[in-house]
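Here is how the chains run, residue by residue.
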Amino acid sequence: MAFDLEKLEQFAKKTLSEKRFYHTSCVVAEAQKLARRYGCDVEKAMAAAWLHDICKEMPREEQLQWLTKYGIILDGIQRGQPKTWHGMAACGLIKYQLGIDDPELLHAVRYHTTACGRMSRFDEVLYLADLTSADRNYPDVDRMRRLAESGLTQAMREALRFAVKDLVERSLGISRETFEAYNAYILRNE
């Protein structure tokens, strides 16, 4: 499937705030770089990056409508973490409003915040592009960027350690998807 990247950029520009659009632009650049490095479809990675946060600033009720339309039923942990809904909601918007039904793109967008136990290389590229984009400035971001450049598995392992630690420190539940992702990467021998 060919993607009209210019159209997706314009859609993101009109949908997102200036700050969120800047972040998205940075994720696109990082996704392009990581996709090239790891042999993924570069155009598709850029399309996924343009769309990954498309529902981020949407009211929660509207996010719920999109993820319901896509067929996602939130469990108790997910309901308590509305900051993660936007990836799931974006799947509904991408499929039903934009007419993009690429399973690989939709899966990567859906799990770009929570991760999951069965992540493809493409999923990892989007997840890490979002985490290591040029606009990010959290402690250890430079270390995460180096890890993403040197290997996806080790970078995902570290990213998930950080995510789980952060959830525990803030006394938040850990979604089944994040828990499964953590276990999958911790138990890998690569």
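The rules behind these values
- The residue count restarts for each chain, going from 1 along the sequence in the order it is written.
- In keeping with the predicted nature of the model, local features appear solely for residues at pLDDT of at least 70, side-chain atom pairs appear and are counted solely at 80 or more, and the whole-chain, interface and lining totals rest on all residues.
- Side-chain measures here rest on the full set of heavy atoms in the structure, leaving out hydrogens and waters.
- UniProt positions are given in the numbering used here, feature names are shortened, and annotations may be inferred rather than shown by experiment.
- Helix numbering and strand numbering both begin at the N terminus, where a helix is a DSSP run of H or I of at least 4 residues and a strand a DSSP run of E of at least 2.
- Helix span, as expected, comes to 1.5 Å for every residue beyond the first.
- Contacts between residues were defined by any pair of non-hydrogen atoms, one from each residue, lying within 4.5 Å.
- Residues forming no salt bridge and having over 30% relative accessible area are the ones grouped into patches, like charges within 9 Å of each other and nonpolar side chains (Val, Leu, Ile, Met, Phe, Trp, Tyr) within 5 Å.
- The method behind every accessible area is Shrake-Rupley, applied with a 1.4 Å probe, and residues are considered shielded solely by the protein chains displayed.
- A carboxyl oxygen of Asp or Glu within 4 Å of a side-chain nitrogen of Lys or Arg is what we treat as a salt bridge.
- Residues scored as charged are limited to Lys and Arg (positive) and Asp and Glu (negative), so that His and the chain ends carry no count.
- Note on charges: their place is set at NZ of Lys, CZ of Arg, CG of Asp or CD of Glu.
- Relative accessibility decides the category of a residue: with a 1.4 Å probe and only protein chains considered, values under 20% of the type maximum give buried, values over 50% give exposed, and everything between is partly exposed.
- Buried Ala, Val, Leu, Ile, Met, Phe, Trp, Tyr and Cys residues form a nonpolar core when they are joined through side-chain atoms within 4.5 Å.
- We call Phe, Tyr and Trp rings a pair once their centres come within 6.5 Å, taking the six-membered ring for Trp, and we label the pair stacked below 30 degrees between planes, edge-to-face above 60, and tilted otherwise.

By the naming in an unreviewed UniProt entry, the protein chain goes by bis(5'-nucleosyl)-tetraphosphatase (symmetrical) and is assigned to Candidatus Anaerotruncus excrementipullorum. Within the UniProt record for the protein chain, the comment given under Catalytic activity (unreviewed entry) is "P(1),P(4)-bis(5'-adenosyl) tetraphosphate + H2O = 2 ADP + 2 H(+)".

Peer 1: Would you mind going over helix H10 (residues 152-169) with me for this structure?
Peer 2: For an α-helix, the turn length of 3.6 residues means that residues three or four places apart are oriented alike. Between its first and last C-alpha atoms H10 spans 25 Å; for 18 residues at 1.5 Å apiece the expected length is 26 Å, and the two agree. The elements touched by buried residues of H10 are helix H2 (18-38), helix H8 (121-132), helix H9 (141-150) and helix H11 (176-187). Where H10 terminates, the next one or two residues include Ser171, which has phi positive at roughly 55 degrees.

Peer 1: Please explain a negative patch on the surface as it appears in this structure.
Peer 2: A cluster of acidic residues, Asp4, Glu6, Asp41 and Glu43, forms a negative patch at the surface. One can find Glu6 in helix H1 (residues 5-15). Taking the relative accessible area as the measure of exposure, Glu6 reaches 59% and is therefore exposed.

Peer 1: Can you walk me through the nonpolar core in this structure?
Peer 2: Side chains of nonpolar character tend, in soluble globular proteins, to be buried together. In this structure, Leu8, Ile54, Ile94, Leu105, Tyr127, Leu128 and Met144 are the most contacted members of the largest nonpolar core, which totals 65 residues. If one sorts the elements of this core by residue count, helix H3 (residues 42-51) sits on top with eight residues. With sequence-adjacent residues up to four places away left out, Leu8 is seen in contact with Phe3, Ala47, Trp50, Leu51, Leu98 and Ile100.

Peer 1: Where do I start with the packing of aromatic side chains in this structure?
Peer 2: For any pair of aromatic rings, the description rests on two quantities: the centre-to-centre distance and the angle between the ring planes. Counted under the stated rule, the structure contains two aromatic pairs. Measuring from centroid to centroid gives 5.6 Å for Phe21 and Trp50, while their planes differ by 20 degrees, and the two rings are stacked. Here the residue Phe21 occupies a position in helix H2, and Trp50 occupies one in helix H3, the gap between them amounting to 29 residues. Residue class for Phe21 comes out buried when judged on its relative accessible area of 13%. Accessibility expressed as a relative area gives 7% for Trp50, which makes it buried. Considering the side-chain rings of Tyr138 and Phe162, the 5.9 Å spacing of their centres and the 25 degrees angle between planes classify their relative orientation as stacked. Placement of the pair is Tyr138 in the loop between H8 and H9 and Phe162 in helix H10, with a sequence separation of 24 residues.

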